[in-house]
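# Structural description and commentary
Each chain is listed here by its residues.
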Amino acid sequence: TLPSLPKGAYTAQVQILQTGGRKLGWGRTPLVIENGTSDFVYVYEASIVLPEFENREVHPLTGPNVDPEGSLTFTAKVEHMSSSVRTVTPVIEWHEFDAARPVTNLERFDAVSVKPGQLSLLTLPIKAPFAPGVYMGMLTLRDANNRVLSTIGQYRIVVRGASADLISARLACVATK
C-alpha cells in the first residue's frame, strides 16, 4: 500500500520481472498528485554510527562491515510537514542484498513524537543480523494503524563472514589490446 503523499509531481519507477524472476529493466512514468496530504514526514538518511571504530559516522549506503549480531546505530533526520505534533513508530524492514528481495525481518522501535515543520534527529540502536551477508534496511515511520507516513530511509550493511551471492551480468562490449 502506498502512503498518502504530499501534493506534487513524482516519477513512479517499477522494475519489470518475468514470471521466473528474471529482471527485464525499469519502467518509469510521471505521476502528479493534486490533492495530497500534509500529514507526512520526510526521512533524510544521515549516517550509520560504528561503535567498533570509535563511533565513526559513515554514509548509510556505504555498506560498512560489521560483526554478526554487532551493535551499531542508524541515524536519520526527519521533518514533519503538518501543523500538529505527530506520534510515529520507526520500522525497519530488512532485506538480504537489496530491497527487491523479500523482507527477512521487521524491526519496530519505540514510538517518537515529531514536531511540525522542525528537523529532528532520530537515533535507532541496531543489532546486526547473525548470518554473514549483505543487508538492506528500509526505514519508514508509521502511525498507530501501521500506515506508512514517510519517505523511505535506506541503509546497507555487510555482516562479516563467508557468504556468496551469484549475480548474472552481461558485458555489452569487451575489448582487448
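Described below are features of the structure shown in this document. (Residues numbered from 1 in each chain as written. Predicted model: local features only at pLDDT ≥ 70, side-chain atom pairs only at ≥ 80, totals over all residues. Heavy atoms only, no water.)

With that settled, the discussion passes to the sheet that holds strand β4 (residues 56-58). Judged by pairing direction, the sheet is antiparallel, and its four strands sit side by side in the order β4-β3-β6-β10 without closing on themselves. At either margin of the open sheet sits one strand with a lone partner, and together these are β4 and β10 (119-127). Strand-to-strand, the axes of this sheet are offset by a mean angle of 30°, without reference to chain direction. Of the strand pairs in this sheet, strand β6 (residues 71-80) and β10 are connected by nine bridges, and their pairing is antiparallel. Along β10, the bridge assignment pairs Leu 72 with Ile 126. (Pairing = 2+ DSSP bridges. Helix = DSSP H or I, 4+ residues; strand = E, 2+ residues; numbered from the N terminus. Axes fitted to C-alpha atoms, helices over the stretch in contact; angles between N-to-C directions.)

Two faces make up the sheet, and in a regular strand the side chains alternate between them. Note that strand β7 (residues 86-96) and strand β8 (residues 103-108) share five bridges and pair antiparallel. For Val 91, the partnering residue across the bridge sits in β8 and is Arg 108. The loop that links β7 with its antiparallel partner β8 comprises six residues; one of these, Phe 97, has a positive phi angle of about 75°.

What follows concerns the environment of Arg 86. For Arg 86, the position within the fold is in strand β7. Through-space distance from the C-alpha of Arg 86 to that of Leu 119 is 13 Å; in sequence the pair is 33 residues apart. When near neighbours in sequence (up to four residues on either side) are disregarded, Arg 86 contacts Asp 39, His 80, Val 112, Ser 113, Val 114, Asp 143, Arg 147 and Leu 149. Reaching out from Arg 86, the side chain makes a polar contact with the side chain of Asp 39 at a distance of 2.7 Å. (Contact = heavy atoms within 4.5 Å. Polar contact = N/O pair within 3.5 Å; in protein donor to acceptor, adjacent residues only side chain to side chain.)

Moving on to the nonpolar core. Counting residues in hydrophobic clusters, the biggest one holds 26 residues, and the most contacted among them are Leu 72, Phe 74 and Ile 157. Elements represented by at least two residues in this core include exactly β3 (41-50), β6, β7, β10, β11 (133-142) and β12 (153-159). When neighbours within four sequence positions are excluded, Leu 72 is seen to be in contact with Ile 48, Val 49, Leu 50, Pro 51, Val 66, Leu 124, Pro 125, Ile 126, Ala 128 and Ile 157. (Core = buried A, V, L, I, M, F, W, Y, C linked by side-chain atoms within 4.5 Å. Buried < 20%, exposed > 50% of the residue type's maximum accessible area, 1.4 Å probe, protein only.)

Right, let's talk about unusual backbone geometry for a bit. Phi is positive for Asn 55, close to 60°, though the residue is something other than glycine. Checked against the element boundaries, Asn 55 lands in the loop between β3 and β4. By relative accessible area, which is 48% here, Asn 55 ends up partly exposed.

Before going further, it helps to spend a moment on the pattern of salt bridges. In the structure shown here, the tally under the stated rule is five salt bridges. The residue Asp 67 makes a salt bridge to Arg 160 at a minimum N-O spacing of 2.8 Å. Taken as a pair, Asp 67 in the loop between β5 (65-66) and β6 and Arg 160 in the segment after β12 lie far apart in primary sequence, 93 residues in all. When the shortest N-O distance is used, the salt bridge between Glu 93 and Arg 142 registers 2.9 Å. Linking Glu 93 in strand β7 with Arg 142 in strand β11, this pair joins segments that are 49 residues apart in sequence. (Salt bridge = Lys/Arg side-chain N within 4 Å of Asp/Glu carboxyl O.)

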